[in-house]
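For reference, the chains in residue letters:
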Amino acid sequence: MYYSENAINLIKKTRKMVFKKEKLWNDRFYIGYSHMISIRESIKFESISRKEGLFLLHKDLDRISKKIEEVISVNLTQNQFDALVSLVYYIGLKVFLTSELVELL
């Protein structure tokens, strides 16, 4: 299954677009719609355009969708899948993969 525009719109409604990288409390950086900048990406991201921010969002959601498909074996509706993608985007893959939610599903 693949995320739909509903997942994207939900994230865009609840996250502001950040055009210049910003630092978090844990010394990590983010940009766009909360794209976490990895150490190897840190050099190339000082600022981005709206188009680049959307590209990063899609890249992150692609990765999340693939991982959800790998670990969840029950059939989900499109709305359920979009909600799960959005949730994982907020809490992070590591937290999701170690959560009780994965076991329950």
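Here's what I pulled together on the structure shown here. These numbers were taken from a predicted model, which means no experiment stands behind them.

## So, the environment of Phe81
When you line up the elements, Phe81 lands in helix α3 (residues 78-91). With 16 residues separating them along the chain, Phe81 and Ser65 place their C-alpha atoms 8.5 Å apart. Those residues in contact with Phe81, other than ones at most four positions away along the chain, are Met1, Tyr2, Tyr3, Ser65, Ile68, Glu69 and Leu76.

## Notes on α3
Residues separated by three or four positions in an α-helix point in the same direction, a consequence of the helix having 3.6 residues per turn. In this model, α3 (14 residues) spans 20 Å end to end at C-alpha, consistent with the 20 Å of a helix rising 1.5 Å per residue. For α3, the elements touching its buried residues are α1 (5-14), β3 (35-37), α2 (50-71), α4 (93-97) and α5 (100-104). After α3 finishes, the residue Gly92 shows a positive phi value of roughly 95°.

## A word on the pattern of salt bridges
The full count for this structure, using the stated rule, is three salt bridges. Among the ionic pairs, Asp27 bridges to Lys23, the shortest N-O distance being 3.4 Å. Under the relative-accessibility criterion, Asp27 is labelled exposed at 53%. Accessibility expressed as a relative area gives 53% for Lys23, which makes it exposed. Between Glu70 and Lys67 there is a salt bridge, and its shortest N-O distance comes to 3.1 Å. Taken as a pair, Glu70 and Lys67 lie in helix α2 at a separation of three residues, close to a single helical turn. Residue class for Glu70 comes out exposed when judged on its relative accessible area of 58%.

## Let's talk about the packing of α2 against α3
Running from N to C, α2 and α3 cross one another at 115°; their axes reach a closest spacing of 10 Å. Classified by the angle between their axes, α2 and α3 sit roughly perpendicular to one another. In terms of crossing hand, the pair formed by α2 and α3 is right-handed. Seen from α2, the contacting residues are Leu57, Asp60, Leu61, Ile64, Ser65, Ile68 and Glu69; seen from α3, they are Phe81, Leu84, Val85, Val88 and Tyr89. When the residues that make up the contact of α2 with α3 are grouped by side-chain class, the tally is nine nonpolar, one polar and two charged.

## So, unusual backbone geometry
Positive phi outside glycine occurs at Asp27, with the angle close to 70°. Its location among the elements puts Asp27 in the loop between β1 (18-23) and β2 (29-32). Despite not being glycine, Ser34 shows a phi value in the positive range, around 70°. Residue placement: Ser34 occurs in the loop between β2 and β3. Given a relative accessible area of 19%, Ser34 falls into the buried group.

Reading the values: the criteria
- Every chain is numbered on its own, with residues counted from 1 as its sequence reads.
- Only residues with pLDDT of at least 70 are given local features in this predicted model, and only at 80 or more are side-chain atom pairs given and counted; all residues enter the totals for whole chains, interfaces and linings.
- Computation of side-chain values: all heavy atoms of the structure, hydrogens and water removed.
- To qualify as a helix, a DSSP run of H or I must reach at least 4 residues; to qualify as a strand, a run of E must reach at least 2; elements of each kind are numbered from the N terminus.
- Here, two residues are considered to be in contact whenever any of their heavy atoms come within 4.5 Å of each other.
- Expected helix span is computed as 1.5 Å times (number of residues minus one).
- The working definition used for a salt bridge is a side-chain nitrogen of Lys or Arg within 4 Å of a carboxyl oxygen of Asp or Glu.
- Note on exposure labels: buried denotes an accessible area under 20% of the residue type's maximum, exposed denotes more than 50%, and partly exposed covers the range between, all computed with a 1.4 Å probe on protein chains only.
- Orientation is described by axes fitted as lines to C-alpha atoms, over the contacting stretch for helices, and by angles from 0 to 180 degrees between their N-to-C directions.
- Put simply, angles under 35 degrees are roughly parallel, angles over 145 are roughly antiparallel, angles from 65 to 115 are roughly perpendicular, and the rest are oblique.
- Each crossing gets its handedness from the near helix: less than a right angle anticlockwise from the far helix is left-handed, clockwise is right-handed.
- Residues are grouped as follows: Ala, Val, Leu, Ile, Met, Phe, Trp, Tyr, Cys and Pro are nonpolar; Asp, Glu, Lys and Arg are charged; every other residue, Gly included, is polar.

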